[in-house]
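# Working through the structure, step by step
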Amino acid sequence: MTAREVLDLIQKTSGVPISERSYRDTFKIGGPDSTVTGIATTFMCTFDMMKRAHAAGLNMVIPHEDTFWTDRDDVKDLTDNALYKLKTEWAKQNNMIVWRDHDHLHSMKPDFTVVASLRSVGIKGGENAAMAPRIFTIPETTLGEFAAQVKRLTGSRAFRCVGDPKARVSKILLGPGYATPRMTAEADVVIGGEQQEADGGFDNVEYVMDAASLGMAKGVIMLGHAISEQPGMEDYANWLRTFIHDIPIQFVPVVEPFW
Amino acid sequence: MPSASSELSRRSFALLTAAAPIALRAAELLTADAVVRRLQTELGGEWSAAGPDGFKAGDPTTVVHGIATTAMATLDVLKQAVKAKANLVLTYEPTFYGRADGRTPAPGGRGPAGLAPDDPVAKAKRDFIEKNGLVVFRLRDHWQSRKQNDMVTGLAAALGWSHRVNPDDALYEIPPATAEATVALIRSKLNLRAGVRAVGDRKATVRRVLLHPGSMTPAPMWQRYSTVDLIVAGEVREWENTFYAADIFTAGEKRALVTLGRVASEEPGMRACAGWLKTVFPNLPATWIGAGDPYWRPTA
């Protein structure tokens, strides 16, 4: 099976075209004519993850995020970089193929990353969720108790929460990855992967600190980008298995890097 | 505006003609606008009107009794400023929740970037500022353009590090310790909570540390990481520098990256700013007020 055949099946089954204009959804290593021995889905094509995929006999990696440490995977300033050389040479020696599915995946309805992120934090009813965030209502609890539950369920070590732990909350707004939603009048808690802390489009952190100072029940939870989007790539692997039967398909997770 | 400054000069003139010590005290009667103009002279350079710096709230003709500096003018910081009798607040980061910093969004722009005109949090903050006669000025670009780069030296001083390898650079040599122990020292010196997150080899021996307060982009990471033992940054993007450090760890290099939180990393530089202000305005009290580490993590 070639990588091109894999992409054709993904496109056909999802019913969503893989846009040729997307700079994200492209081959980062290898190409459409490379032969696929097995597929590993993951959050990001890290060096460690790629080695584990290879050890499992899977030579095609489908990450949701980048491979060379920028969104555009622009390598023009990396040609003399020792880590870049090591990673690409190792990948070539081992006939690895990397094709990113980001924009295409986020155009799917439902969107695996949103559905799985909602499920991973214990929110029910998000089976058909797509990228545009909407409020989910949970039984009223405190921000502290909710945060403890989310941390336990997701296993996030680098978990960060802002707001008064005693605030009573029930309206949750979630957007995975860098798509952390802005706090709204209706929402009590915003959950995201990561966000620029200040001086951005909308600074949730300062807003929630001020709301807490005014006694308003508001909180923000940052799960970490990998923790928030990776569960969707396990769903993606399960989905691939429904229409690709001839080669092994596995979810090979990136390990949360923080300590 | 003209009435206030002519009022001031009339009074100054009257006092200057009296005894000298009183004239010195009269010189303290500076408006917020006059303080900023003096800062402009001291810091030098052309002040771009298009940049982020400028008055964000309050009346610039207000006579300044005391200055408070902070990395981020949260409502709690403003409350403390009032208690400290400081009525001019110089903040490094925005006051009104984003780069637009309270400016009216573009017509029809109630999009993700805009703040609703009737937003209750922003309104309460503006009311607090008005009621307490505060003036808030954002001082970012011009403060960090100082040759000494006090954002770096301030952070180093707060961490107890003084051996700067090269005066033009942010590289420090510190007494050797493991990355883990160095991160624990940083956490305790800056009184941080869940904002601290580290990646890489926790057992690496750290001697050479590169300081990068604020946001760190990939270019300096790629250029410098493999030449130092530890980078201390404010914030990075996870898919950029965090996983660059993770990949370097997989490649077997013994070094680490720690992020403190953008605001937390900028606090020592604004503390240094308060110290510098005392040299510019010897008769005006200047205090640093920290916004604190915003983040906590459940223990359970």
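Below you will find a few notes about this structure. (Residues numbered from 1 in each chain as written. Chains lettered and ligands numbered in written order. Predicted model: local features only at pLDDT ≥ 70, side-chain atom pairs only at ≥ 80, totals over all residues. Heavy atoms only, no water.)

Counting secondary structure elements, chain A contains eight helices and 10 strands. Relative to the globule expectation of 18 Å for 259 residues, the C-alpha radius of gyration of chain A, 19 Å, shows essentially globular dimensions. Relative to its 259 residues, chain A shows a buried fraction of 61%. In the form shown here, chain A has an accessible surface area of approximately 10,000 Å², with 51% of it arising from carbon and sulfur atoms. Positive and negative side-chain charges of chain A, numbering 27 and 34 respectively, have mean locations separated by a distance of 3 Å. (Helix = DSSP H or I, 4+ residues; strand = E, 2+ residues; numbered from the N terminus. Rg over C-alpha atoms; globule rule 2.2 N^0.38 Å. Buried < 20%, exposed > 50% of the residue type's maximum accessible area, 1.4 Å probe, protein only. Areas by Shrake-Rupley, 256 points an atom, 1.4 Å probe, with all protein chains shown as cover. Lys, Arg positive; Asp, Glu negative; His and termini not counted. Charge placed at Lys NZ, Arg CZ, Asp CG, Glu CD.)

The next subject is the overall build of chain B. A tally of regular secondary structure across chain B gives 11 helices and 10 strands. Burial analysis of chain B (300 residues in total) assigns 53% to the buried set. The contacts of chain B with a sequence gap of at least 6 include a subset with a gap of at least 24, amounting to 71%. Total accessible area on chain B stands at roughly 13,400 Å², and carbon and sulfur atoms take up 55% of it. (Contact = heavy atoms within 4.5 Å.)

Our focus in this paragraph is the interface of chain B and chain A. On the side of chain A, 60 residues touch chain B, which itself brings 64 residues to the contact. Both faces considered, chain B and chain A share a buried interface measuring about 5,300 Å² in area, 61% of it formed by carbon and sulfur atoms. Where chain B meets chain A, there are six salt bridges. Among the salt bridges present, the one from R138 of chain B reaches D199 of chain A, with a minimum N-O distance of 3.0 Å. Counting across the interface, chain B meets chain A through 31 residue pairs in polar contact (both at pLDDT 80 or more). Of all the elements in the fold, those that place two or more residues in the side of chain B that touches chain A are α4 (75–83), α5 (120–131), α8 (179–189), β6 (197–200), α9 (218–224), α10 (238–250) and α11 (262–280) of chain B. Residue contributions to the side of chain B that touches chain A peak at 10 residues, all from α10 of chain B. (Buried area = accessible area lost by both parts, 1.4 Å probe. Salt bridge = Lys/Arg side-chain N within 4 Å of Asp/Glu carboxyl O. Polar contact = N/O pair within 3.5 Å; in protein donor to acceptor, adjacent residues only side chain to side chain.)

Moving on: the environment of V165 of chain B. All names here are of chain B. Assignment of secondary structure puts V165 in the loop between α7 (150–158) and β5 (171–178). Along the primary structure V165 and V209 are separated by 44 residues, whereas in three dimensions their C-alpha atoms are 9.9 Å apart. What V165 contacts, discounting residues up to four positions off in sequence, is L171, Y172 and E173.

To continue, consider the pairing of strand β3 (residues 60–63) of chain A. All names here are of chain A. The alternating pattern of β3 places M60 and I62 and V61 and P63 on opposite faces, both of which are buried. Handedness of the strand β2 (residues 39–42)-helix α2 (residues 47–55)-β3 crossover: right-handed. Note on the crossover from β3 through helix α3 (residues 82–93) to strand β4 (residues 97–99): the handedness is right-handed. (Right-handed = clockwise from strand over helix to strand, strands pointing away.)

Residues and elements named next belong to chain B. Among all positions in α7, only D150, M151, V152, G154, L155 and A156 are buried. Contacts made by the buried residues of α7 are with α6 (141–144), β5, β7 (205–215) and α11. A positive backbone phi angle near 80 degrees is found at G160, which sits one or two residues after α7.

Turning next to the sheet that holds strand β2 (residues 67–70) of chain B. All names here are of chain B. Overall, mixed pairing links the five strands, which are arranged β1-β4-β3-β2-β10 in an open sheet. The open sheet has two free edges, formed respectively by β1 (54–57) and β10 (286–288), since each of these has just one partner strand. Across the sheet, the axes of successive neighbouring strands diverge by a mean angle of 25 degrees, strand direction being ignored. Across three bridges, the pairing between β1 and strand β4 (residues 135–138) is antiparallel. Within the sheet, the bridge partner assigned to A57 lies in β4 and is V136. (Pairing = 2+ DSSP bridges. Axes fitted to C-alpha atoms, helices over the stretch in contact; angles between N-to-C directions.)

This next bit is on the environment of A198 of chain A. Tracing the backbone shows A198 of chain A in the loop between β8 (189–192) and α7 (204–213). Since its relative accessible area comes to 0%, A198 of chain A is described here as buried. Those residues in contact with A198 of chain A, other than ones at most four positions away along the chain, are D203 of chain A together with M72, E93, R262 and V263 of chain B.

As a further point, take the packing of α7 of chain B against α11 of chain B. Residue and element names in this part refer to chain B. Across the interface, α7 lies against α11 with an axial gap of 7 Å and an inter-helix angle of 100 degrees. Classified by the interaxial angle, the pair formed by α7 and α11 is roughly perpendicular. In this structure, α7 contributes D150, M151, G154, L155 and A158 to the contact, and α11 contributes S265, E266, P268, G269, M270 and A272. (Parallel < 35°, antiparallel > 145°, perpendicular 65-115°, else oblique.)

Let's shift gears to the side chain of H64 of chain A. Within the fold, H64 of chain A resides in the loop between β3 and α3. Within the structure, H64 of chain A has its side chain in polar contact with the side chain of E229 of chain A (distance 3.2 Å).

Spanning 12 residues, helix α6 (residues 143–154) of chain A covers 16 Å between terminal C-alpha atoms, matching the ideal 16 Å at 1.5 Å per step. Just downstream of α6 of chain A, G155 of chain A is the residue with a positive phi angle, here 75 degrees. (Expected span 1.5 Å × (residues − 1).)

Residue and element names in this part refer to chain B. Read across the open sheet, the five strands follow the order β5-β7-β8-β9-β6; overall the sheet is mixed. Each edge of the open sheet is held by one strand with a lone partner, namely β5 and β6. Geometrically, the sheet is characterised by an average inter-axis angle of 30 degrees between neighbouring strands, direction not taken into account. By the bridge criterion, four bridges tie β6 to strand β9 (residues 256–259) in an arrangement that is antiparallel. Note on β9: the bridge partner recorded for R197 is T259. Across the sheet, α10 is in contact with β6 and β9; its angle to β6 comes to roughly 40 degrees. The strands touched by α11 within the sheet are β7 and β8 (230–235), with β7 carrying the most contacts at an inclination of about 95 degrees.

This structure, assessed with the given rule, holds 16 aromatic pairs over all chains. Taking 5.0 Å as the distance between ring centres and 70 degrees as the angle between the ring planes, the aromatic pair formed by F68 of chain A and Y84 of chain A counts as edge-to-face. Taken together, the residues F68 of chain A in the loop between β3 and α3 and Y84 of chain A in helix α3 connect sequence positions 16 residues apart. Comparing F68 of chain A with Y84 of chain A shows no difference in burial state: the two are buried. Judged by centre distance (4.7 Å) and plane angle (70 degrees), the ring pair of W239 of chain A and F243 of chain A falls under edge-to-face. The same class applies to W239 of chain A and to F243 of chain A, which are both buried. Of the aromatic side chains, those joined through ring pairs into one cluster are F68, W69 and Y84 of chain A together with Y225 and Y244 of chain B. Positioned over the ring face of F47 of chain A is K51 of chain A, at 4.4 Å from the centre of the ring. Of note, R197 of chain B hangs over the ring of F258 of chain A, and the distance from its end group to the ring centre comes to 4.4 Å. (Phe/Tyr/Trp six-rings, centres within 6.5 Å; stacked < 30°, edge-to-face > 60°. Lys NZ or Arg CZ within 6 Å of the ring centre and 35° of its normal.)

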